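Here's the letter readout for the chains.
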Amino acid sequence: EGFSTSGIIVQVKRERCYFMIDTTQDWAEYDRAFLHGKLADLRNRRNRLMKQGCSVQVVSLKTGISAYLDDLFAHYDARRAALGQQFASSTEEVKSFIRQIVAEREQRGGVILSLLQEQTSGDILAYQLDWLNQGVRFHWHPTFNPQYAQYSPGKILRFHRVSE
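Our subject in this report is the structure included herewith. (Residues numbered from 1 in each chain as written. Predicted model: local features only at pLDDT ≥ 70, side-chain atom pairs only at ≥ 80, totals over all residues. Heavy atoms only, no water.)

So, on to the overall build of the protein. Along its length, the protein carries 6 helices and 4 strands. Helices and strands appear in the protein in the N-to-C order α-α-α-β-α-α-β-β-β-α. Out of the 164 residues in the protein, the part that is buried amounts to 30%. For the protein, contacts bridging at least 24 residues in sequence account for 61% of all contacts bridging at least 6. (Helix = DSSP H or I, 4+ residues; strand = E, 2+ residues; numbered from the N terminus. Buried < 20%, exposed > 50% of the residue type's maximum accessible area, 1.4 Å probe, protein only. Contact = heavy atoms within 4.5 Å.)

Before going further, it helps to spend a moment on the pattern of salt bridges. Tallied over the entire structure, the rule returns 3 salt bridges. With a closest N to O distance of 2.4 Å, Arg99 and Asp70 form a salt bridge. Residue Arg99 is located in helix 5 (residues 92-108), and its partner Asp70 is located in helix 4 (residues 66-82); the two are separated by 29 residues in the primary sequence. In this structure, Asp77 and Lys95 form a salt bridge, with 2.6 Å as the shortest nitrogen-oxygen distance. With Asp77 in helix 4 and Lys95 in helix 5, this residue pair connects regions lying 18 residues apart in the sequence. Residue Asp77 shares its accessibility class with Lys95, and that shared class is buried. Here the salt bridges do not stand alone but share partners, grouping Asp77, Glu92 and Lys95 into one network. (Salt bridge = Lys/Arg side-chain N within 4 Å of Asp/Glu carboxyl O.)

Right, let's get into helix 4. Across its 17 residues, helix 4 extends 25 Å between first and last C-alpha, which sits within 8% of the 24 Å expected from 1.5 Å per residue. Buried within helix 4 are the following residues: Leu69, Leu72, Phe73, His75, Tyr76, Asp77 and Arg80. Here the buried face of helix 4 lies against helix 5, strand 2 (111-118), strand 3 (124-133) and strand 4 (136-144). Gly84 occupies a position one or two residues after helix 4 and carries a positive phi of about 70°. (Expected span 1.5 Å × (residues − 1).)

We now examine the side chain of Asn145. Considering the arrangement of structural elements, one finds Asn145 in the loop between strand 4 and helix 6 (153-163). Judged by its relative accessible area of 13%, Asn145 falls in the buried class. A distance of 3.5 Å separates a polar side-chain atom of Asn145 from the backbone oxygen of Ile124. If we ignore the near neighbours within four places in the chain, the residues touching Asn145 are His75, Ile124 and Leu125. (Polar contact = N/O pair within 3.5 Å; in protein donor to acceptor, adjacent residues only side chain to side chain.)

With 17 residues, helix 5 extends 25 Å between its outermost C-alpha atoms, agreeing within 8% with the 24 Å of an ideal straight helix rising 1.5 Å per residue. As for helix 5, its buried residues are in contact with helix 4, strand 2, strand 3 and strand 4. The positive-phi residue at the C-terminal boundary of helix 5 is Gly109, with phi of around 70°.

Another aspect to go through is the environment of Lys95. The exposure class of Lys95 is buried, given its relative accessible area of 9%. When the C-alpha atoms of Lys95 and Phe73 are compared, they prove to be 7.9 Å apart, with 22 residues separating the residues in sequence. Only 2.6 Å separates the side chain of Lys95 from the side chain of Asp77, close enough to count as a polar contact.

Here it is in structure tokens:
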């Protein structure tokens, strides 16, 4: 409604689905009762990564995000192209726009970049660019380094974000 009152015509082609997580209960209980059985494959991949000698950490950035955007875009674009998918961030014009919005949102605390980073080498395994607004985190632009694809690093990063 807000768009149409501003003179912007919006056509909805399909409904979007958002997952809500009840944050009023204890995470350990939620994990045990609901997630544990559903995430066996993810735990396997995380364990294989650790057996390969990769010790990962999650790094959250609210400033300095622009230094990582070129790699984020490169990995995202390569993944979409490999899957034969259309993607909006492929043009330099769109990337420039995103860079501008990120810079503006950094000043107001409205953006966060999460990285799954290998502690020894500093390699970035996965990226997650999210928008923050009034205490709500909007999961927006995930991607990963294809060198680590067999471990599903994007899913591992998302799991860490949700558990926080």
